[in-house]
Amino acid sequence: MRAAWERVAPRGWGAHRSIGAAVRSAAPGATVSVQPGEYAERLVLDKPVVIRAEGGPGSVRLIGAGGPVITLLAESGSVHGLAVEATGGAAAVLAERGAIAFEGCEIRGRLQFGGDAAPVLRGCRITDGGVVLDGASTARLVDCTVTGAPGVGILVQGDAAPELTGTRVTQPGADALVFAGAARGLVDGCEVSRPAGAGLVLREQAAPTVRGLRIRDPRADGIRVEGPPRTEPDATGDPARPAREAVGASTGGPLLERVEVARAAGFGIWFSGMVGAVLRDATVTDPGRTGVLVAGAARVRVEGASISHAGSSGFAVRDQADVAAERVTVDRAGANGIVVRDDARARFTDLRIGDTRYTAVHVGGRAEVGITRGELHDTPEYGVRVVELGLVELDQVRVRAAEMGGIAVADRGDLAAVACTVVGGAAGLTLASRHRPLVQDCEISESGQTGVLVAAGTGALLAGCVIRGSGDVGLRLDDGCTAWVDGCTISDTGGTGLVVGARARPAVRSSSVRDTGKNGIYLHDQSHGQFDDCAVSRAGYSALHVGAGADPRFRRLRLAETARGVSLDPRAEPSWEECSSSGVGADDLPAAARPARTAVLAVGAEAGRAVTGPAPAGRCGPVPDSESLPEVLAELGGLVGLASVKQDVGRLVKVMQMVRQRQEAGLQPPPLGRHLVFAGNPGTGKTTVARLYGRLLAAIGLLSSGHLVEADRSMLVGEYVGHTAPRTQTVFRRAIGGVLFIDEAYSLVPTGQGSDFGQEAIVTLVKLMEDHRDEVVVIAAGYPDDMDRFVGSNPGLASRFTRTLTFADYTAQELVRIVGQQARVHQYRLADASGAALLEYFSTLERDVRFGNGRAARQTFQDMTERQAERVAEIADPTEEDLMVLTPADLPENAA
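Residues numbered from 1 in each chain as written. Predicted model: local features only at pLDDT ≥ 70, side-chain atom pairs only at ≥ 80, totals over all residues. Heavy atoms only, no water.

## Things to note about the pairing of strand β41 (residues 382–386)
Taken residue by residue, a regular strand's side chains alternate between the two faces of the sheet.
Phase 1 of the analysis: The buried fraction of β41 amounts to 4 of the 5 residues, a majority that puts the element mostly inside the structure.
Phase 2 of the analysis: Both strand β39 (residues 361–363) and β41 contribute to a ladder of 3 bridges, which runs parallel. Residue Val 361 lies in a different strand from β41, and its bridge partner there is Val 384.
Phase 3 of the analysis: Looking at chain direction, β41 and strand β43 (residues 405–409) are connected through 4 bridges and run parallel. Its bridge partner lying in β43, Tyr 382 is registered against Gly 405. (Buried < 20%, exposed > 50% of the residue type's maximum accessible area, 1.4 Å probe, protein only. Helix = DSSP H or I, 4+ residues; strand = E, 2+ residues; numbered from the N terminus. Pairing = 2+ DSSP bridges.)

## A short note on the packing of helix α10 (residues 812–825) against helix α12 (residues 854–872)
Phase 1 of the analysis: Viewed as axis vectors pointing N to C, α10 and α12 meet at an angle of 50°, and their least axial separation amounts to 9 Å. Overall, the two elements α10 and α12 adopt an arrangement that is oblique. Handedness of the crossing formed by α10 with α12: right-handed. Taken together, the residues of α12 that come into contact with α10 (itself represented by Leu 815, Ile 818, Val 819, Gln 822 and Ala 823) are Gly 854, Ala 857, Arg 858, Phe 861 and Met 864.
Phase 2 of the analysis: Across the contact of α10 with α12, the residue classes break down as 7 nonpolar, 2 polar and 1 charged. (Axes fitted to C-alpha atoms, helices over the stretch in contact; angles between N-to-C directions. Parallel < 35°, antiparallel > 145°, perpendicular 65-115°, else oblique. Left-handed = near helix turned anticlockwise from the far one by under 90°. Contact = heavy atoms within 4.5 Å. Nonpolar A, V, L, I, M, F, W, Y, C, P; charged D, E, K, R; others polar.)

## Concerning unusual backbone geometry
Phase 1 of the analysis: Although it is not a glycine, Ser 510 sits at a positive phi angle of roughly 50°.
Phase 2 of the analysis: On the secondary structure map, Ser 510 appears in the loop between β56 (507–509) and β57 (512–516).
Phase 3 of the analysis: Under the relative-accessibility criterion, Ser 510 is labelled partly exposed at 42%.
Phase 4 of the analysis: Positive phi, normally seen in glycine, also occurs at Glu 578, with a value near 55°.
Phase 5 of the analysis: Examined against the element boundaries, Glu 578 turns out to sit in the loop between β65 (575–577) and β66 (580–586).

## Description of the sheet that holds strand β69 (residues 676–680)
Phase 1 of the analysis: Strand order in this open sheet of 5 strands is β70-β71-β72-β69-β73, and the pairing throughout is parallel. Among the strands making up the open sheet, the edge pair consists of β70 (708–711) and β73 (804–807). Taken pair by pair, the neighbouring strands of this sheet meet at an average axis angle of 20°, ignoring direction.
Phase 2 of the analysis: Where β70 lies against strand β71 (residues 739–742), 4 bridges are found, and the strand directions are parallel.

## Section: a negative patch on the surface
Phase 1 of the analysis: Where like charges cluster on the molecular surface, the negative patch consists of Glu 75, Glu 96, Asp 116, Asp 134 and Asp 159.
Phase 2 of the analysis: Here Glu 96 shows up in the loop between β10 (91–95) and β11 (101–103).
Phase 3 of the analysis: On the accessibility criterion, Glu 96 (44% relative accessible area) is partly exposed. (Patch = residues over 30% accessible without salt bridge, like charges linked within 9 Å, V, L, I, M, F, W, Y side chains within 5 Å. Areas by Shrake-Rupley, 256 points an atom, 1.4 Å probe, with all protein chains shown as cover. Salt bridge = Lys/Arg side-chain N within 4 Å of Asp/Glu carboxyl O. Lys, Arg positive; Asp, Glu negative; His and termini not counted. Charge placed at Lys NZ, Arg CZ, Asp CG, Glu CD.)

## As for the packing of helix α11 (residues 832–844) against α12
Phase 1 of the analysis: Closest axis-to-axis distance for the α11/α12 pair is 12 Å, and the angle between their directions is 130°. Viewed along their axes, α11 and α12 adopt a mutual orientation that is oblique. Crossing of α11 against α12: the hand is right-handed. Across the interface between the two elements, Leu 838, Tyr 841 and Phe 842 of α11 pack against Ala 856, Ala 857, Thr 860 and Met 864 of α12.
Phase 2 of the analysis: Tallied by class, the residues present in the contact of α11 with α12 amount to 6 nonpolar, 1 polar and no charged.

If you want it as structure tokens, here you go:
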């Protein structure tokens, strides 16, 4: 029977001279006691034994040569207190299987664990080698130190899933911790300091759980999560466009929780590629570049992050990345607090940003950003700035001490701000966009210059807003703008309360202006607009000034407690209806403006019926528009084809004219549904006719502006419960005064999905259509059969969409006319033979699901111009005729 105890000593009676000899002699489960000394050997542990250094940790030195110092094969056993040293670049410890434990050992050289090896290292120190885990290894490192590795400190790859607990990685020659391939595992309570590369790198599909990791002074990025690049196409066939999924769902990717990154030379935390991750309670301080960067097609959910003293922006989202974040704080960023650009999307809840070098939140490209409950303060630029095609939705956001302005929108950016507060800054809000920004229930105060500026040519909707304490103008509507102002209050301004620029055409109702340093309302020369149920009081100058050629309409305007009422240029042409004044020193409100006497109108069979209306001296009717009804009807008539649609629209216009005339005569309008269904295939002119329809109703006076707002399912339907109704309301409110055109409306009722969020959008639409039935026209468009299903999905839709206009496919002859029309617009000319060639081409063109009707004609014209350019390039000295004429030779290749 073998002894349960084996003794090893460099010399001495009754002892083994090598550890290997003792292990070979020992019985399974025996203890091998090793006396202090140096042992030059390579050890294979193929049985469960316990090896102890009797002189304490480091007293026994095991030095290997020509291969691994220790090779692990046994399923159990342990090694205590040995100092293991590899030479010649060999591994210090190598294991492909087994679960031997190392405690209190000092290991110089590389540890390499593969296969299904599951060793445990507790309280060990690994120097000059690092740790490599591969295969399906589940090694555990507990309270260990890995220091001075020439390359990566700990590399985990393949399907390995280690557990690293309380372990320190210091001064590796490359990245400190790297997880690659399909690696998983746990990193808990670990620390990284001064790596030559990044602190933590996750590559490909690696998805460990990382908790309590502290990273100090990396010479590259703090944490870098690199998902694979997107190569497969999405549902649209576009490989560059990632599929959009709700970030709020479980990502199945890595979890980074309670991580701390300090003084990274590069990015604090960087996500890129196709990766889904959760970042929870992270702290990033003093990064050399951006604090948190989400790029590529990454989808990241952030549940608490604090970023301070970033060398560049605090938090950046770009490319096609998607972020859902809550409890994010950015302090003292070297650039923007948050920047979102390209096609990225980001939603922030409980956001705090302060002391940034540039704008607190900057949105550009085609990015979409939502912020709910935010505090933005102390920036030399803007609190929020939206440029290019960016879209921002703000809810309960407070901006203060933004020197250039609280919120600014430019280019084709768009904004929906609800229940927001802006304090201070040169301008509270600056809206200079081709879209129609929405500002609802917001308070703008103490602006150094202008409270709210709606720039030239901009349409905006301001509802229920308070503007007070502006250093100069409270609300400035610049030249040509088409703002809708509803239920707003302007007060305590250093200058004029409300300024309307030349050619501006606002609709202002139920709003008040008081306590102004200059005029209450000032309308520049050649300005327009309609003012209903408004009040002006305590103005420093005249309460109302109307410039030369200005022709605003005032209904039920009230002037009170002011030194002077009205200042009119002799060439001003205002119209009045039931206006009044009280407590006005120089009460010069025109007599024609005051409530009218009772007059007798002869209206059909009811001649002699008494009605109350404006005095004859007042000029009534729709707000003058820059284009007349005949002009718009002529433009409609000039469209190619669409005979039945033109007839239907013309009939509707006549009915609407009668409705308007009855309203002006004080008669009730007939019951009439203005909302329409446009049924037809793609490219049949539905959007073009919708735009003209809005302009027609504006010319009649039934819509204030007639502008068109286009929407589809993606703009109306949210990604999680409670998100759909606000999105639908935001889009709808942008359309107030005009037309809301919902393309592919049937997609709100997908077949076979009874619980889809589209139903919530429909319910919200029905209520909004009722609440704003005289202010918005809704047009739902799509394929004929699908539109029947859409209208039948909700009784409220069926009762509101009572008229369908059918858009037939273009005939071959009409497609030829569209090409000719395109040629004239772009200064080309079709050769005599080209018409016949085009007719033959369109007659034989396959009309499958990809056929685009008018789009096919426009594409054919574009193809012809490109082929003509190639042909003319071969001519040495082309004439003007050569440059203009399109011949049959320029038709696409598949032309007959």
